[in-house]
Amino acid sequence: GIALSRTLIPTLPAGYLSRKRLFPLIENEASGTTFVIAPAGYGKSMLIAEWAQYQNKGVIWMTVANGDTVHEMSSMLIIATRNVIPGFAPWYEEEQPLRPKEVVRRWGNELLQTGKDFVFVIDNLRNENENDVDIAVKLLEQFPSNLHFIAIRKDEIEQIYSTCASRGPIKVINQNDLRFSEEEIEIYAANAGLDLDNQSRKVLQAAHGWPSATSLLRAHLQSGAAKVDLVKVMSDQTEPLRALAQVVMANLDERLLNTCERLSV
């Protein structure tokens, strides 16, 4: 009952701007923890997905959401690991029911016995609650020493830092690290065939390096639509990304908009 896509490394979208310059911020010791923490639209998952392509270690990836129970997450953990180690943990089906903490303990022991190093990525879409924090601490304590843990989140859970620190070094990547630099914005525009004049640069810079907003602004410039004061849109709205998306969509070709609607459904 687990969606396979949530146990695989995401595929990079067409036209993705490489963020290799950020790779040193991710690298850590075998038992270390790397947190990637930023609001939606900062390219957190895509950065780690690109970095994962260059790893010699096996990368175990799972994406968890609000509706997932601890038992569903246990199943996802085993499936994600089998994507990297075929036939892993045959006992999982044979010895049910198993408590999630026991699943993680046996999972960690088997990973340790391989004698290899692994990366474990949790792309966490869940909202924080006390129950999740308690579960996270108990599970982290079971992680083996040959596991570099990467947690992708929209916000911090400071209560788990001490547990992570007991395993090894901690690194934190935040939204300021993830912002597009001026050079990256220039490259991003050039990749789309845009000739940047001063006004176009001003429009793209209104996103302050926010990757998703920069993408929407680029799409607006590409459309050649009537000029809108996008700088004002970005600064005045309480939800600037939503307002910007509406501006872009209002100027889409009707056939393209219909296709987008069908795809979204």
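Residues numbered from 1 in each chain as written. Predicted model: local features only at pLDDT ≥ 70, side-chain atom pairs only at ≥ 80, totals over all residues. Heavy atoms only, no water.

Caption draft 1: Looking closely at the packing of aromatic side chains. Inspection of every chain in the model, using the stated rule, returns 10 aromatic pairs. What links up through ring pairs into an aromatic cluster is the set W107, F120, F143 and F149. Taking NZ or CZ as reference, R106 lies 4.2 Å from the ring centre of W91, over its face. If you follow R218 out to its NZ or CZ, it ends over the ring of Y188, 3.8 Å from the centre. (Phe/Tyr/Trp six-rings, centres within 6.5 Å; stacked < 30°, edge-to-face > 60°. Lys NZ or Arg CZ within 6 Å of the ring centre and 35° of its normal.)

Caption draft 2: Fine view of the nonpolar core. I26, I48, V121, I150 and L178 are the most contacted members of the largest nonpolar core, which has 34 residues in total. Every element with two or more residues in this core is listed here: α1 (23-26), α2 (44-52), β2 (58-64), β3 (118-124), β4 (147-153), α9 (182-191), α10 (198-205) and α11 (211-223). At five residues, α2 tops the list of elements feeding residues into this core. Those residues in contact with I150, other than ones at most four positions away along the chain, are I26, T34, V36, I48, W51, V119, F120, V121 and I122. Ranked by size, the runner-up nonpolar core spans 32 residues in total, among them I60, V64, M76 and Y161. (Core = buried A, V, L, I, M, F, W, Y, C linked by side-chain atoms within 4.5 Å. Buried < 20%, exposed > 50% of the residue type's maximum accessible area, 1.4 Å probe, protein only. Helix = DSSP H or I, 4+ residues; strand = E, 2+ residues; numbered from the N terminus. Contact = heavy atoms within 4.5 Å.)

Caption draft 3: Geometry of the sheet that holds strand β5 (residues 170-173). Strand order in this open sheet of five strands is β2-β3-β4-β1-β5, and the pairing throughout is parallel. At either end of the open sheet lies a strand with only one pairing partner, and these are β2 and β5. The mean inter-strand angle of the sheet, taken between neighbouring strand axes irrespective of direction, is 15 degrees. Where β2 lies against β3, seven bridges are found, and the strand directions are parallel. Within β3, the residue paired with I60 across the bridge is F120. (Pairing = 2+ DSSP bridges. Axes fitted to C-alpha atoms, helices over the stretch in contact; angles between N-to-C directions.)

Caption draft 4: Examining the pattern of salt bridges more closely. Within the structure shown, the criterion is met by nine salt bridges. Taking the shortest distance from any N to any O, the salt bridge between E184 and R19 comes out at 3.0 Å. A residue pair is termed long-range when its members are at least 10 positions apart, and E184 in helix α9 and R19 in the segment before α1 qualify at 165 residues. Both residues of the pair, E184 and R19, belong to the buried class. Its salt-bridge partner being E93, residue R82 comes within 2.8 Å of it at the nearest N-O pair. Of this pair, R82 sits in helix α3 (residues 70-82) while E93 sits in helix α4 (residues 91-94), and the two are 11 residues apart along the sequence. For R82, a relative accessible area of 23% gives the class partly exposed. Owing to a relative accessible area of 48%, E93 belongs among the partly exposed residues under this scheme. The network of salt bridges with common partners includes R19, R21 and E184. (Salt bridge = Lys/Arg side-chain N within 4 Å of Asp/Glu carboxyl O.)

Caption draft 5: Spatial organisation of α3. With 13 residues, α3 ought to run about 18 Å at 1.5 Å a step, and its terminal C-alpha atoms sit 19 Å apart, in line with that. Those residues of α3 that sit buried are M73, S74, S75, M76, L77, I78, A80 and T81. On its buried side, α3 packs onto β2, α4, α5 (100-113) and β3. (Expected span 1.5 Å × (residues − 1).)

Caption draft 6: The arrangement of unusual backbone geometry in detail. Residue P97 follows Q96 across a cis peptide bond; omega there is 0 degrees. Summarising the element assignment, P97 is placed in the loop between α4 and α5. At H208, a residue that is not glycine, the phi angle is positive and equals roughly 55 degrees. Tracing the sequence through the fold places H208 in the loop between α10 and α11. H208 gets classed as exposed once you look at its relative accessible area, which sits at 59%.

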